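The residues making up each chain are set out below.
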Amino acid sequence: MKHARAIAMAIGLAAAAFTGAASAGPGQDAIIAAWADKAKAADPAFSGFDAAAGKAFFFAKHTGGGAETPSCTSCHTDNIKKSGQTRAGKAIDPMAVSVQADRYTDLAKVEKWIGRNCNSVLGRDCTAKEAGDVISWLASQ
Amino acid sequence: MKRLLLAAALLASTAVAATAADRMVTDEMTKAECAACHIAYPPRLLPAANWEAVMAGLQDHFGEVASLDDASVAHIRDYLVANAGKDDPTAVDAEGKPLLRISERRWFVGEHKGEVSEASLKKAGTWANCVACHKGAEKGQFDDD
């Protein structure tokens, strides 16, 4: 039993080191781990997500996507603890886990929106590293 | 003759007049997916051919990528088509393609003409934002104007 706990702790520590960001909870950890698998599959040299890079990516003005959506902040605003707004006027729940606890707990939902929104903003899919960086940052907020 | 006309008019109005219940979106997946970005518009507001066109073009949904897995697209399309409004040969654009925007349909333009100020439209942001003025739009209520 003691042994099992030690192993669990070691795994937890390793996961925390791997993601490089304070995590919000087991739901978010599982999502980030799933994205780490994608990043490793895409690049064997992948060594972990970078929350600071994710933050910069979230706020950056990108090119290649829709004229009205050059940035994540076009809809999510530059305050991730407040509601955003879709182009059709509907409220979007805040992105920060500290105010929206169910964020990044449903892999299919995260995959759907990353898939859509990267194409809306950048005109292409995000790499697994880019997406994982952003999710890591948002999950730590 | 007058009575006949009245009867015909009554018949026509009962046949056409839709209640809020008629406009309710009852399919859970359709509600959940469409309403993530805007209200789930009542299926009867577009003819079947137009819904087919909307659902065939989700990768560029008014400038937004709204792609969905094939099974979900098929499910939602089938619901919208089964509950669509009646066919309307005028619901096409200048090139003869099915109109994708409900707000470009003649009756929509007519209904809103002179009733929505520029300031109101600016506040709503877009014609797509029904609830800006129709508070019960998500329950199919649009008669509050």
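Up top is the structure these notes are about.
Residues numbered from 1 in each chain as written. Chains lettered and ligands numbered in written order. Predicted model: local features only at pLDDT ≥ 70, side-chain atom pairs only at ≥ 80, totals over all residues. Heavy atoms only, no water.

K.L.:
Explain the state of the cysteines to me, please; I cannot follow it from the model alone.
P.N.:
Such a bond, covalent and formed between the sulfur atoms of two cysteines, is termed a disulfide. Counted according to the given criterion, the structure contains 1 disulfide over all chains. Two residues share a disulfide in this structure: cysteine 118 of chain A and cysteine 126 of chain A, whose sulfurs sit 2.0 Å from each other. In this structure, the disulfide formed by cysteine 118 of chain A and cysteine 126 of chain A twists by about -95° around the S-S bond and is classed as left-handed. Given a relative accessible area of 7%, cysteine 118 of chain A falls into the buried group. Sulfur of cysteine 34 of chain B: no disulfide; nearest cysteine sulfur belongs to cysteine 37 of chain B and is 9.1 Å away. Sulfur of cysteine 130 of chain B: no disulfide; nearest cysteine sulfur belongs to cysteine 133 of chain B and is 9.2 Å away. On the basis of relative accessibility, which here comes to 13%, the residue cysteine 130 of chain B falls in the buried class. (Disulfide = S-S within 2.5 Å. Buried < 20%, exposed > 50% of the residue type's maximum accessible area, 1.4 Å probe, protein only.)

K.L.:
Mind showing me how you'd approach the pattern of salt bridges here?
P.N.:
Working definition: two side chains of opposite charge can pair if their charged atoms are close together. What the rule picks out here adds up to 14 salt bridges over all chains. The partner of lysine 40 of chain A in a salt bridge is aspartate 37 of chain A, with the nearest N and O atoms 4.0 Å apart. Of this pair, lysine 40 of chain A and aspartate 37 of chain A are both found in helix 2 (residues 26–42), 3 residues apart, which corresponds to roughly one turn of the helix. Lysine 40 of chain A sits in the partly exposed class, given a relative accessible area of 40%. Residue arginine 105 of chain B is joined to aspartate 88 of chain B by a salt bridge in which the shortest nitrogen-to-oxygen separation is 2.7 Å. Of this pair, arginine 105 of chain B sits in the loop between helix 5 (70–82) and helix 6 (106–112) while aspartate 88 of chain B sits in the loop between helix 5 and helix 6; the two residues are 17 residues apart in sequence, bridging distant segments of the chain. Overall, the relative accessible area of 7% leaves arginine 105 of chain B in the buried class. (Salt bridge = Lys/Arg side-chain N within 4 Å of Asp/Glu carboxyl O. Helix = DSSP H or I, 4+ residues; strand = E, 2+ residues; numbered from the N terminus.)

K.L.:
Would you take a moment to explain the interface of chain A and chain B for this structure?
P.N.:
The figure often quoted for interface size is the accessible area lost as the parts come together. Residue-level contacts link 11 residues of chain A with 16 residues of chain B. Here chain A packs against chain B, burying approximately 1200 Å² in sum over the two surfaces, 45% of which is carbon and sulfur. A salt bridge links lysine 112 of chain A to glutamate 33 of chain B; its shortest N-O distance comes to 2.6 Å. Counting every contact that joins chain A to chain B gives 10 residue pairs in polar contact (both at pLDDT 80 or more). Looking at side-chain class alone, the side of chain A that touches chain B contains 2 nonpolar, 5 polar and 4 charged residues. (Contact = heavy atoms within 4.5 Å. Buried area = accessible area lost by both parts, 1.4 Å probe. Polar contact = N/O pair within 3.5 Å; in protein donor to acceptor, adjacent residues only side chain to side chain. Nonpolar A, V, L, I, M, F, W, Y, C, P; charged D, E, K, R; others polar.)

K.L.:
Would you mind showing me how to read the nonpolar core here?
P.N.:
Most often, soluble globular proteins have nonpolar side chains that are buried together. All names here are of chain A. Ranked by size, the top nonpolar core spans 28 residues in total, and within it Trp35, Phe49, Phe58, Ile80, Tyr104, Ile135 and Leu138 carry the most contacts. Ranked by the residues each element gives to this core, the list is headed by helix 6 (residues 128–139), at 7 residues. Setting aside chain neighbours within four positions, we find phenylalanine 58 in contact with Ser71, Cys72, Thr73, His76, Thr77, Ile80, Val134, Trp137 and Leu138. (Core = buried A, V, L, I, M, F, W, Y, C linked by side-chain atoms within 4.5 Å.)

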